[in-house]
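The residues making up each chain are set out below.
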Amino acid sequence: MHALVTGSAGFIGHALSRRLLAAGHAVTGFDGLSPYYDVALKRARHADLARHLGFEAVEARLESPGALLDVMARVRPDVVFHLAAQAGVRYSLIDPGAYVEANLVGFANLLEAVRAHPVRHLLTASTSSAYGGNASVPFRETDRAVSPLTLYAASKLANEAMAHSYAHLFRVPTTAFRFFTVYGPWGRPDMALFLFTRKILAGEPIEVFGEGAAERDFTFIDDLVDAILALSERPPPQPGEGGPVSAADTLSAVAPYRLVNIGGGRPARLDAMIGALEVALGRKAERVLKPLPPGDVIRTHASTDLLHDLVGSLPETPLETGIPAFVKWYLDYYGDQ
């Protein structure tokens, strides 16, 4: 199989590409290496992938007209995994234009490239932030998600709708998945676990938003990749060629399109995550309790019914296992700062 992975220098794109390459597949990685966070870390991820003969890196931005179209015409991938995006809930309050360009213009260019060069399956990343102000838990894919709290969430809801329309019009099987607080080795420096680790090692206080009571459905990176790869083997059927797998299914009646949560369904308090991190580091954190910032929610909790019905397994790595794995990578990469 030849896979094209957008965002291959990103946290999740790197982990997915690494697994595909280890399985003997060819991977074309497409990434703009934006300066949103440390570009050196992104280049290190690509360098890690380049150890495999089956990897090709393309440095370009999705929002550049024709950039992805040219790559698709040349490599003709079997599957596209779309993981590139301007991420981050809070940053969308600082630079909303970055989300419009990368997540809306860039995604439209991706859909046009797949339209011109259809693939066996298009898999595209969304976010649990799409549930926004939804107060009903666990978050079910069949819930109406019409109250995004940030432009980031709104852009991802727009992506889901755009993908459905293209799946309907051009019949490319498409699966969109909503991620829930992914963490692990090679993670993103703007996320809480990364920030807390750096500050605890430096002897600096950490800001604990939601005063430690906020809950997140933490998903370890290896579990997430397992789920993505399993879903890649289950493209949604064309209308009339197959029905829903269960009452939880989001299979469209008019398009080969499905939306799936990827999370463990076991939310944990931020306090519990910090406690596991303190154990892994062998140091106590000095905590400064703060209220939730604008755009953050008090709880995320994935319904896992559909994921289980489709692939038969669920993310299950506990924080007590996943956080030490992250800490080991962090200390190997950065040293004891």
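Just so it is clear, the model here is predicted, and its values are computed rather than measured. (Residues numbered from 1 in each chain as written. Predicted model: local features only at pLDDT ≥ 70, side-chain atom pairs only at ≥ 80, totals over all residues. Heavy atoms only, no water.)

## Here we look at helix α2 (residues 39-49)
Regarding α2, the residues found buried are Leu41, Lys42, Arg45, His46, Asp48 and Leu49. Burial along α2 is one-sided: seen end-on, the buried residues are contained in an arc of 155°. (Buried < 20%, exposed > 50% of the residue type's maximum accessible area, 1.4 Å probe, protein only. Helix = DSSP H or I, 4+ residues; strand = E, 2+ residues; numbered from the N terminus. Arc of directions from axis to C-beta.)

## Side note on the sheet that holds strand β3 (residues 55-59)
Through backbone hydrogen bonds, the strands of a sheet pair up, either in parallel or in antiparallel fashion. Here we have seven strands laid out as an open sheet, ordered β3-β2-β1-β4-β5-β6-β11, and parallel in their pairing. The two strands at the open ends of the sheet, each matched to only one other strand, are β3 and β11 (257-262). Sheet twist, expressed as the average angle between the axes of neighbouring strands with direction ignored, equals 20°. Pairing analysis gives six bridges linking strand β5 (residues 121-127) to strand β6 (residues 174-179), with the strands arranged parallel. Within β6, the position partnered with Ala125 by the bridge is Phe177. (Pairing = 2+ DSSP bridges. Axes fitted to C-alpha atoms, helices over the stretch in contact; angles between N-to-C directions.)

## Some remarks on the pattern of salt bridges
Under the defined criterion, the tally for this structure stands at 18 salt bridges. Asp48 serves as the salt-bridge partner of Arg51, at 2.8 Å between the closest nitrogen and oxygen. With its nearest N and O atoms 3.3 Å apart, the salt bridge here joins Arg287 to Glu278. A relative accessible area of 33% places Arg287 in the partly exposed class. Overlapping salt bridges bring together Arg269, Asp271, Glu278, Lys284 and Arg287 as one network. (Salt bridge = Lys/Arg side-chain N within 4 Å of Asp/Glu carboxyl O.)

## So, the pairing of β5
Summarising burial for β5: seven of the seven residues are buried, a large majority. Of the two faces of β5, the one lined by His121, Leu123, Ala125 and Thr127 and the one lined by Leu122, Thr124 and Ser126 are each fully buried. Where strand β4 (residues 79-82) meets β5, four bridges bridge the pair, whose relative direction is parallel. When the bridges of β5 are listed, Val80 appears paired with Leu122. The β-α-β motif built from β5, the intervening helix α5 (residues 151-170) and the parallel element β6 has right-handed crossover chirality. (Right-handed = clockwise from strand over helix to strand, strands pointing away.)

## Here we look at empty space enclosed by the protein
Counted by the stated rule, this structure contains one cavity of 30 Å³ or more. Taken as a whole, the largest cavity holds about 50 Å³ of empty space. In terms of lining, the largest cavity is formed by Leu111, Val114, Arg115, Leu122, Tyr166, Ala167, Phe170, Val172 and Thr174. Those elements giving two or more residues to the lining of the largest cavity turn out to be α4 (96-116) and α5. A breakdown of the residues in the lining of the largest cavity according to their chemical character gives seven nonpolar, one polar and one charged. (1 Å grid on protein atoms, 1.4 Å probe; cavity = no way out; pocket = protein on both sides within 12 Å on 5 of 7 lines; lining within 4 Å. Points joined across faces, edges and corners; volume = space filled by probe spheres on them. Nonpolar A, V, L, I, M, F, W, Y, C, P; charged D, E, K, R; others polar.)

## Things to note about the packing of helix α6 (residues 192-201) against helix α10 (residues 319-334)
Close contact between α6 and α10 brings their axes to 11 Å; oriented N to C, the two are set at 60°. Considering the angle they form, α6 stands oblique to α10. Where α6 crosses over α10, the two elements pack in a sense that is right-handed. Contact residues: α6 offers Leu193, Phe194, Thr197, Arg198 and Leu201, while α10 offers Ile323, Phe326, Trp329, Tyr330, Leu331 and Tyr334. Here the residues of the contact of α6 with α10 sort into nine nonpolar, one polar and one charged. (Parallel < 35°, antiparallel > 145°, perpendicular 65-115°, else oblique. Left-handed = near helix turned anticlockwise from the far one by under 90°. Contact = heavy atoms within 4.5 Å.)

## Quick look at the environment of Pro267
Among the structural elements, Pro267 can be located in the loop between β11 and β12 (268-269). Classification of Pro267 by relative accessible area gives partly exposed; the value is 25%. Along the sequence, Pro267 and Ala214 sit 53 residues apart, while their C-alpha atoms lie 9.6 Å from each other. Non-local contacts of Pro267, meaning those with residues more than four positions away in its chain, are made with Glu215, Arg216, Asp217, Thr300 and His301.

## So, the packing of helix α3 (residues 67-75) against α4
Two elements in contact, α3 and α4, have axes separated by 9 Å at closest approach and are oriented at 25°. Relative to α4, α3 is oriented roughly parallel. α3 and α4 meet at a crossing whose hand is right-handed. From α3, Leu68, Leu69 and Met72 reach across to α4, where they touch Leu110, Glu112, Ala113, Val114 and Ala116. Taken together, the residues of the contact of α3 with α4 sort by class into seven nonpolar, no polar and one charged.

So far we have only geometry, and geometry alone does not tell us how the molecule works.
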